[in-house]
Amino acid sequence: MKVVSPWLLAQLLIVLKISFGVAKSPSANLADLFDGRGGAHFGSSSGNPIRVAFQGEPGAYSEKSTRELLGPKVTAIGRPNFEACFQAVASMECDYACLPVENSLGGSIHETFDLMLRYDLTIIGEHDFRVNHCLLAKPGVKREEIKYAISHPQALAQCDNFLRGLGIKPIPTYDTAGSAKMISEGNLPDGCTPENTAAIASNLAAQLYGLNTLNEKIQDDDTNFTRFLLLARKGVVQYLNKNIPSKTSIVFTLPNVKGALYKALACFALRDIDFSKIESRPTSASLLNFLKFRSQQKGRKTRNKADLPRFRYCFYLDFLESELDQNAQNALSQLREQADFVRILGSYPQRSRLVGPVAEAVEELKYIEVDPKEISLDSLPSDSEETKQLNIGILGFGHFGKFLAKKMAQNHKVSCIDRMDKAKEARDVGAEFFPHYEMSKFLNDLDVVILAVPMIEFEGVVLSLPA
């Protein structure tokens, strides 16, 4: 049995992702985790070095924003929802995800905020995308013949005055680019035909689905911008310097005491650090449980449930300095003394600038011939693959070992071994138990072995394993 250097604990993350259905197979290796872009090099057959996940159908505004930021040759892969984009990057099927975080008219997109807490991705760039809605129809159809307009409800609302002026009835659908696809394929709501229906979508959708653009910029308000974030597995803070205007995004929670938020913001204000955004969101159940656990670990008395606030809030803050600037370092250090929880979501250049490996990859794309059929995709190879059932062995069956076994047994065959007799506990979570003297039998035919032992015992356990 080959033993990988144990200090690279990131390999365990791959195992956990498999158990939760994020990764389809354990083929990802440690070298893939730590390459220059913080991810695997999943180039296409044409050699394209960048694969980016976005939410929506091909031709969506998210794809257009991706191409504005990273160039027209990037391979953009549409995913059905925001979490699928996070999963594609976390499982290394994509290098980056380009996702909307706020709109100048509609406000924040809260799902993106919530997912940034659940996944260990970091922000490496931002892009302010101007939304220009277009009225699209089949070739040969005139605007006077249009009776219905289909699109996402938000897009229809943003073009309400235009549609009213023409007497066109809005019909909501699931997606802007999806509505263009529906017209192209003739898959339309009742009463709609390709001859009397138009879609409100981007001009990129018109190109992809063979539609004519009857009108451009039909939105009622011309100041419609959406801010997108570029997410990766590895940050770019080390590539920032004093000559690059930078921004840092953080999230923190505070104790429920008077003046807590004022004191937290003072950490930055007293050092003349400017903010560009601050927003509060109710704390997720998982983070709330973590805060309760850490409070108990520190020996704090648990209050009665009647005394607990009904809501705990996370504060999302963007400030206009790099995380590594001395001022920012001091402010963050002071904030950590006051806050229950602080996480840096990313430190990155402002205003669509790219630095580090992603900038190098974008420059490389300019000199690569790319098959036009491969630059806009709507699926990943894993979409058609079934999750492979693995034989997973857990060495050590304490609290952490039981937790892993319970989760992984939902999708995989799990066996465990311990010095103590834990046969009953193993049966309760659906795992097979081996006594310690049957180590060789336990290790036979395993795909993955997880050492769930205290760190002080880690080296001794590794050395005791059969060669």
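What you see is a predicted model; the values in this text were computed from it and never measured.

Novice: What is the right way to look at the overall build of the protein chain in this model?
Specialist: Secondary structure summary: the protein chain contains 17 helices and 20 strands in total. Counting the 467 residues in the protein chain, one finds 50% classified as buried. In the protein chain, the proportion of contacts linking residues at least 24 apart, taken out of those at least 6 apart, comes to 77%. Summed over its atoms, the accessible surface of the protein chain is roughly 23600 Å², and 51% of this surface lies on carbon and sulfur atoms.

Novice: Help me out: how do you make sense of the sheet that holds strand β20 (residues 448-451) in this one?
Specialist: The strands making up a sheet associate through hydrogen bonds between their backbones, and the pairing can be parallel or antiparallel. Strands sit in the order β19-β18-β17-β20 across an open sheet of 4 strands; the sheet is parallel. The open sheet has two free edges, formed respectively by β19 (432-435) and β20, since each of these has just one partner strand. Each strand axis lies, on average, 25° off the axis of its neighbour in the sheet, ignoring direction. Summarising the sheet, strand β17 (residues 391-395) and strand β18 (residues 413-418) pair through 5 bridges and their orientation is parallel. Within β18, the residue paired with Gly 393 across the bridge is Ser 415. Helix α14 (residues 399-408) contacts β17, β18 and β20 of the sheet and is inclined by roughly 170° relative to β17.

Novice: Explain the confidence of the model for the protein chain here, please?
Specialist: Any region with low pLDDT has predicted coordinates that should not be read closely. On average, residues of the protein chain score 85 in pLDDT, and 84% of them are at 70 or above. Within the model, the stretch residues 1-47 combines pLDDT values under 50 with 86 contacts to residues more than four positions away or in other chains. Note on residues 302-307: pLDDT is under 50 here. Beyond four places in sequence and across chains, it has 3 contacts.

Rules used in this analysis
Residues numbered from 1 in each chain as written. Predicted model: local features only at pLDDT ≥ 70, side-chain atom pairs only at ≥ 80, totals over all residues. Heavy atoms only, no water. Helix = DSSP H or I, 4+ residues; strand = E, 2+ residues; numbered from the N terminus. Buried < 20%, exposed > 50% of the residue type's maximum accessible area, 1.4 Å probe, protein only. Contact = heavy atoms within 4.5 Å. Areas by Shrake-Rupley, 256 points an atom, 1.4 Å probe, with all protein chains shown as cover. Pairing = 2+ DSSP bridges. Axes fitted to C-alpha atoms, helices over the stretch in contact; angles between N-to-C directions. pLDDT = per-residue confidence, 0-100.

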